[in-house]
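# Notes for the structure review
Residues per chain are reported as follows:
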Amino acid sequence: MRFLSTLFLAFALIAGGLVAPVLAGDDDPLFINLTTDDPHRANMGITFGMRQFERGHPLTIFLNDKGVFIGAKTNAGTFVEHQEKLAALIEKGALVLICPMCMKHYGVAEADLISGAQIGNPELTGGALFKDDTRTLTW
């Protein structure tokens, strides 16, 4: 019985070492895919990104699907706090991208975008998403 317990423990330690979790480095980029126009969920995503940006992680926030409404000045009444946070992040060097297909689908005009937000394209969005060691989260 003791032999089996020892064997099981040894196996668990070896297996645990083989499937160790992949941890983010101190400066790995973070790509947040923000698809919601729910104020609480959007605030969670933006605030999480802001906190990681403050810790030294380069940040991209991609507003797509209904998330494009957050980046539209016409929705400032609903998303005033969100737009203030995004503006502060942009000013400090974070990248805020907006999905052009989603803008078209929901009728958001380029002239209506918050200052500093950029319309995504395959090179810009892909460059941020596929940068080495990038971590992604979606809200």
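Just so you know, these numbers come straight off a predicted model, no measurement behind them.

## A look at the nonpolar core
Within the largest apolar cluster, 33 residues are counted, with the highest numbers of intra-cluster contacts made by L34, L59, I61, L86 and L89. Secondary-structure elements contributing two or more residues to this core are β1 (30–34), α2 (39–54), β2 (59–63), α3 (76–91), β3 (95–98) and α4 (100–106). With sequence-adjacent residues up to four places away left out, L59 is seen in contact with L30, I32, G49, M50, F53, L89, A94 and L95.

## A closer look at the side chain of K85
Locating K85 in the fold gives a position in helix α3. The class for K85 is buried, based on a relative accessible area of 16%. In terms of polar contacts, K85 uses its side chain to reach the side chain of N43, at 2.7 Å. Those residues within four positions of K85 in sequence are excluded, and the remaining contacts are N43, I46, T47 and M50.

## What to know about the packing of α2 against α3
Axis separation between α2 and α3 bottoms out at 10 Å; the angle between their running directions is 20 degrees. The angle between the axes of α2 and α3 places the two elements in the roughly parallel class. As for the relative orientation of α2 and α3, their crossing is left-handed in sense. The segment α2 lies against α3, with P39, A42, N43, I46, T47, M50 and F53 engaging T78, F79, E81, H82, K85, L86 and L89. Classifying every residue of the contact of α2 with α3 gives eight nonpolar, four polar and two charged.

## Digging into the pattern of salt bridges
Where charged atoms from two side chains of opposite charge come close, those side chains can pair. What the rule picks out here adds up to three salt bridges. Between R135 and D28 there is a salt bridge, with its nearest N and O atoms 3.4 Å apart. Of this pair, R135 sits in strand β5 (residues 135–138) while D28 sits in the loop between α1 (2–18) and β1, and the two are 107 residues apart along the sequence. A residue is classified by how much of its surface remains accessible, and D28, at 8% relative accessible area, is buried. Across the pair R51 and E54 runs a salt bridge, and its minimum N-O distance is 3.5 Å. In this pair, R51 and E54 are both assigned in helix α2, three residues apart and thus about one turn of the helix distant. Among the residues examined, R51 registers a relative accessible area of 42% and is labelled partly exposed.

About the cut-offs
- Residues numbered from 1 in each chain as written.
- Predicted model: local features only at pLDDT ≥ 70, side-chain atom pairs only at ≥ 80, totals over all residues.
- Heavy atoms only, no water.
- Core = buried A, V, L, I, M, F, W, Y, C linked by side-chain atoms within 4.5 Å.
- Buried < 20%, exposed > 50% of the residue type's maximum accessible area, 1.4 Å probe, protein only.
- Helix = DSSP H or I, 4+ residues; strand = E, 2+ residues; numbered from the N terminus.
- Contact = heavy atoms within 4.5 Å.
- Polar contact = N/O pair within 3.5 Å; in protein donor to acceptor, adjacent residues only side chain to side chain.
- Axes fitted to C-alpha atoms, helices over the stretch in contact; angles between N-to-C directions.
- Parallel < 35°, antiparallel > 145°, perpendicular 65-115°, else oblique.
- Left-handed = near helix turned anticlockwise from the far one by under 90°.
- Nonpolar A, V, L, I, M, F, W, Y, C, P; charged D, E, K, R; others polar.
- Salt bridge = Lys/Arg side-chain N within 4 Å of Asp/Glu carboxyl O.

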